[in-house]
Amino acid sequence: MTQSSHAPCPPQPWIDDKTGTVSRRIFDDEGIFALEKARIFRRSWLYLAHESEIAAPGDVVTRRLAGDPVIVARRDDGGIGVYLNSCRHRGVRLCRVDSGSMRRFVCPYHGWTFGNDGALLSTTVDNLFPEGTDFTKLGLIPVPRVATYKGLIFGSWNTEVGPLEDHLGDFRWYLDLFFARTPGGATVLGPPQRFVVNADWKTAAINFGTDNTHIITTHIGPLTLSKTAFDRKQIMGALRDAVQVSTPGGHSVSLVTVPGRPYAHYPEELHPLYERTLDESQRVILRDLAIGVSTVFPNLSFIENIAQEVAPGVHVKGLLMRQWQPVGPGKIEVLSWCFAEREASAEYREAALVRGVNDFGVGGVFEQEDVELWSSIGDLSRSPAGDGHPFVFATALPHLDDPVADHPGPGRAYRPFASEITQFKFLQHWNQLMTEEPA
Amino acid sequence: MTASPHPTTAAPVTDAEYRAVCEFLYDEAALLDQDAYAAWLGLLTADVRYRLRARTLRALDQAASTYRVVDNNAEELRIRVGQISDPRLTFAENPPSITRRHLHNIRVRAAAEPGELHVTVNVLLHRSRGVEGEEHCYSAQRHDVLRRTDDGYLLAAREVVLDSTVIKSMNVSVLF
């Protein structure tokens, strides 16, 4: 696909590696949005759901893949099927709920019926079709590539996309640290929040992957008032030592550690499971982990926030995943899930859910502040008045080619924590995909 | 969950009590409309719980579900209020949203707990914010527990269920 088939894009360069600057116009523009859909969202692996959302045969959730409504189904054979949520006959939406249990998809218009393997079972008028009609060719339109990594389900419309393992690459090491650190892995704690933010998906993605400078300014409220596990001095010290890590493919994570009692703010009964499941280099991180925040390219982010003291001596951390679904230029629908270890007690899971939603998501005292600021950017980045006055990520430059040597995980780790390195690398990767003519 | 967690089979309260409850609710809503948070906190019991949820879409014959948005105990509710009422600690509510709470369909029943009342209220919360005058209107049902004390009623619990599956505002930094 060429650029000429879209609305015109704002003038290049969008990213200037030499000055560490980024065009303002890429954050709310119809041409950019259309090109992103073609070059990134219709070509990449994208997150769809977690296996724990569709645990039993017949379970379904409805999601979007590169803007297209899809059904994510647990098939009768235990596999995962992902289909365009549209009847093969005349296009009517087949699954008209957020989630549920259904072994068959019956079109409400003319009664075409499909199995959860996508096969057409009946048109109700099979006898009226011409002789020799091959009904096996009239099944649901499948998402051609579906794969999972330790419970995380991804799909791609791109038949040529490389293996999911290659897309995630070294970043799997970090995903394990949060979503597969016990033998049973993670489980969702209920359906996702859904809310609409007038912000570009990249603004959200780079905030999580990772804008480490905004923490103290934007989140001064909860950092001042909430009963976090560490005092301000400890947090400031930890932020000085923390690393931001970038792995090939635009993924990144920031890790804040505070040495002390191992796994100090994780449930006691899970400590032996972490020891058993993770390798020693991962355990070194998790034992002291205070905050982890990340973006998996392009639009999946997660955060395990600083523990809060919810009762005397009792600390709980929220683990949240969120997807920034682009719904138009400068506009996203956010899906936000809370997670906990499958082996965690019912009490802990409840506490982790409460912790998660009170801090993050549409009602969270941290995130309610982020979205206010993100959503004020769009109007101001659209104007040609900003041409020649790009956004500034210059703090990325001094250390961009200077990773630190003392980080035990894969990828390139950087300090200072507050420099804009991983954000800029995310945008450099974006720029590469957007400007290279696809093969 | 769609059904009211409050029993509707219990006998209605007396006219005098119903009227007193309504006046309490209107006065309380007026305090929130005016961002008079210090006075509003004075209407809460020490063990108050404040919860907010929204809906998910399920088939007619399948159990409805919700997702949680806020689940504050008394201390966390006070922290939330402390944040949105301090100009040094919030951007979401500084400048503050302009809000108006409209309360309807008020049903009051005696609770099993002596001295407590179950109150179900339909709420429209209109919110205007930002220099562009962005407006949001939330429709919700509220399930309140009021406790009678020597100083009048206090709010012991509030559970808000938004009548939405997708929340069309970026945050819910206002109280219902």
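Here the structure is a predicted model, which is why all the values come from computation and not from measurement.

Some thoughts on helix α10 (residues 346-359) of chain A
Residues and elements named next belong to chain A.
Part 1: In this model α10 runs 20 Å from its N-terminal to its C-terminal C-alpha over 14 residues, within 8% of the 20 Å that 1.5 Å per residue would give.
Part 2: Those residues of α10 not exposed but buried are Tyr348, Ala352, Leu353, Val354, Arg355, Gly356, Val357, Asn358 and Asp359.
Part 3: In the segment just after α10, Gly361 is the residue with positive phi, at about 90°.

Here we look at the interface of chain A and chain B
Part 1: Across the contact, 39 residues belong to chain A and 37 residues belong to chain B.
Part 2: Contact between chain A and chain B buries roughly 3200 Å² in total, counting both sides, with carbon and sulfur atoms accounting for 52%.
Part 3: Counting across the chain A and chain B interface gives four salt bridges.
Part 4: Of the charged contacts, one joins B:Arg68 and A:Glu350 as a salt bridge, the two residues approaching to 2.8 Å between their closest N and O atoms.
Part 5: Every element with two or more residues in the side of chain A that touches chain B is listed here: β7 (99-101), β14 (193-197), α5 (214-218), α6 (220-225), α10 and α11 (367-374) of chain A.
Part 6: With six residues, the single largest contributor to the side of chain A that touches chain B is α10(A).
Part 7: For the side of chain A that touches chain B, the residue count by class is 16 nonpolar, 13 polar and 10 charged.

Some thoughts on the side chain of B:Gln141
Residue and element names in this part refer to chain B.
Part 1: Topologically, Gln141 is positioned in strand β5 (residues 134-149).
Part 2: A polar contact of 3.1 Å, which involves the side chain of Gln141, links it to the side chain of Asn122.
Part 3: Discounting chain neighbours no more than four positions away, the residues touching Gln141 are Arg107, Thr120, Val121, Asn122, Glu159, Val160, Val161 and Asp163.

A few points about the pattern of salt bridges
Residues and elements named next belong to chain A.
Part 1: In total, this model carries 43 salt bridges over all chains according to the counting rule given.
Part 2: A salt bridge links Arg181 to Glu304, with the nearest nitrogen and oxygen atoms 2.9 Å apart. Here Arg181, found in the loop between α3 (172-179) and β13 (186-188), pairs with Glu304, found in strand β18 (residues 300-304); they are 123 residues apart in sequence, far enough to count as distant.
Part 3: Using a relative accessible area of 3% as the deciding quantity, one classes Arg181 as buried.
Part 4: Since its relative accessible area comes to 2%, Glu304 is described here as buried.
Part 5: The network of salt bridges with common partners includes Glu275, Glu280, Arg283 and Arg287.

A few points about the environment of A:Thr159
Residue and element names in this part refer to chain A.
Part 1: With respect to the secondary-structure elements, Thr159 resides in the loop between β12 (152-156) and α2 (164-168).
Part 2: In sequence terms Thr159 and Pro144 are 15 residues apart; their C-alpha atoms lie 5.9 Å from each other.
Part 3: The residues touching Thr159, leaving out its near neighbours within four places in the chain, are Pro144 and Arg145.

A few points about the sheet that holds strand β9 (residues 113-115) of chain A
In a beta sheet, neighbouring strands pair by backbone hydrogen bonds and run either parallel or antiparallel.
Residues and elements named next belong to chain A.
Part 1: Read from one edge to the other, the open sheet built from three strands follows the order β8-β9-β10, with strand pairing classed as antiparallel. Of all strands in the sheet, those bounded by a partner on one side alone are β8 (104-106) and β10 (120-122). Between one strand and the next, the sheet's axes are offset by a mean angle of 30°, whatever the strand orientation.
Part 2: In this structure, β9 lies alongside β10, joined through two bridges in antiparallel fashion. Across the sheet, the residue bridging to Phe114 is Leu120, located in β10.

Observations regarding the confidence of the model for chain B
Predicted coordinates in areas of low pLDDT are best not read in detail.
Part 1: For chain B, the mean per-residue pLDDT works out to 94, and 95% of the residues sit at or above 70.
Part 2: In the predicted assembly, ipTM is 0.94 and pTM is 0.96.

Structural notes on the sheet that holds strand β3 (residues 46-50) of chain A
All names here are of chain A.
Part 1: With antiparallel pairing, the three strands of this open sheet are ordered in space as β3-β12-β11. Across the chains shown, the open sheet's two edge strands, defined by having one partner strand only, are β3 and β11 (145-149). For this sheet, the mean angle separating the axes of adjacent strands, direction not counted, is 30°.
Part 2: As judged from the four bridges shared by β3 and β12, these two strands associate in the antiparallel manner. The residue bridging Leu46 from the neighbouring strand is Gly155, located in β12.

Here's the deal with the environment of B:Ala157
Residue and element names in this part refer to chain B.
Part 1: Within the secondary structure, Ala157 is located in strand β6 (residues 152-162).
Part 2: For the pair Ala157 and Arg49, spaced 108 residues apart in sequence, the C-alpha separation works out to 4.7 Å.
Part 3: Those residues in contact with Ala157, other than ones at most four positions away along the chain, are Val48, Arg49, His143, Asp144 and Val145.

Things to note about the pairing of strand β1 (residues 44-55) of chain B
All names here are of chain B.
Part 1: Sheet analysis places β1 next to β6, joined by six bridges and oriented parallel. Paired with Arg53 across the strands is Val161, a residue of β6.
Part 2: When β1 meets strand β2 (residues 66-72), the two strands line up antiparallel, connected through six bridges. Within the sheet, the bridge partner assigned to Leu52 lies in β2 and is Val70.

Here we look at the nonpolar core
Generally speaking, soluble globular proteins have nonpolar side chains that are buried together.
Part 1: If you look at the biggest cluster of nonpolar residues, it comprises 163 residues, and the most contacted ones within it are A:Val72, A:Trp430, B:Ile167 and B:Phe176.
Part 2: Sequence-distant contacts of A:Trp430, defined by excluding residues within four places in its chain, comprise A:Trp14, A:Ile15, A:Ile26, A:Ile32, A:Glu36, A:Ile40, A:Trp201, A:Lys202 and A:Phe297.

Quick notes on the packing of aromatic side chains
All names here are of chain A.
Part 1: In the structure shown here, the tally under the stated rule is 24 aromatic pairs over all chains.
Part 2: Taking 4.8 Å as the distance between ring centres and 80° as the angle between the ring planes, the aromatic pair formed by Phe41 and Trp201 counts as edge-to-face. Of this pair, Phe41 sits in helix α1 (residues 30-41) while Trp201 sits in helix α4 (residues 201-208), and the two are 160 residues apart along the sequence.
Part 3: On the basis of relative accessible area, Phe41 is assigned to the buried category, the value being 5%.
Part 4: The class for Trp201 is buried, based on a relative accessible area of 1%.

About the cut-offs
Residue numbers restart at each chain and count upward from 1, following the sequence in its written direction. Each chain takes a letter, starting from A, and each ligand takes a number, starting from 1, following the order in which they are written. Since the coordinates come from a predicted model, pLDDT governs what is reported: local features require at least 70, and pairs of side-chain atoms require 80 or more to be given and counted, while whole-chain, interface and lining totals use all residues. Side-chain numbers come from the whole structure's heavy atoms, not from hydrogens or water. Helical segments are the DSSP runs of H or I of at least four residues, strand segments are the runs of E of at least two, and each set is numbered from the N terminus. Between the first and last residue of a helix there are one fewer steps than residues, each counted as 1.5 Å, and that sum is the expected span. Accessible area is worked out with a 1.4 Å probe on protein chains only. A residue is then buried under 20% of its type maximum, exposed over 50%, and partly exposed in between. Note on definitions: a residue-residue contact is assigned when non-hydrogen atoms from the two residues lie within 4.5 Å. The term buried area refers to how much accessible surface (probe radius 1.4 Å) is lost by two components on association, counted for both of them together. What counts as a salt bridge is simple: a side-chain nitrogen of Lys or Arg found within 4 Å of a carboxyl oxygen of Asp or Glu. Each residue is assigned to one of three groups, with Ala, Val, Leu, Ile, Met, Phe, Trp, Tyr, Cys and Pro labelled nonpolar, Asp, Glu, Lys and Arg labelled charged, and all others, Gly among them, labelled polar. Any N or O atom pair separated by 3.5 Å or less is treated as a polar contact, with the protein-specific requirement of one donor-capable and one acceptor-capable atom, and with residues adjacent in sequence counted only for side-chain atom pairs. At least two bridges found by DSSP between two strands is the condition for calling them paired. A fitted line through C-alpha atoms serves as each axis, taken over the contacting stretch for helices, and the angle formed by two N-to-C directions is quoted from 0 to 180°. A score between 0 and 100, pLDDT records how confident the predictor is in each residue. Residues belong to one nonpolar core when they are buried, are Ala, Val, Leu, Ile, Met, Phe, Trp, Tyr or Cys, and are joined through side-chain atoms within 4.5 Å. Here a pair means two rings of Phe, Tyr or Trp (six-membered ring of Trp) with centres within 6.5 Å. Their orientation is stacked below 30 degrees between planes, edge-to-face above 60, and tilted elsewhere.

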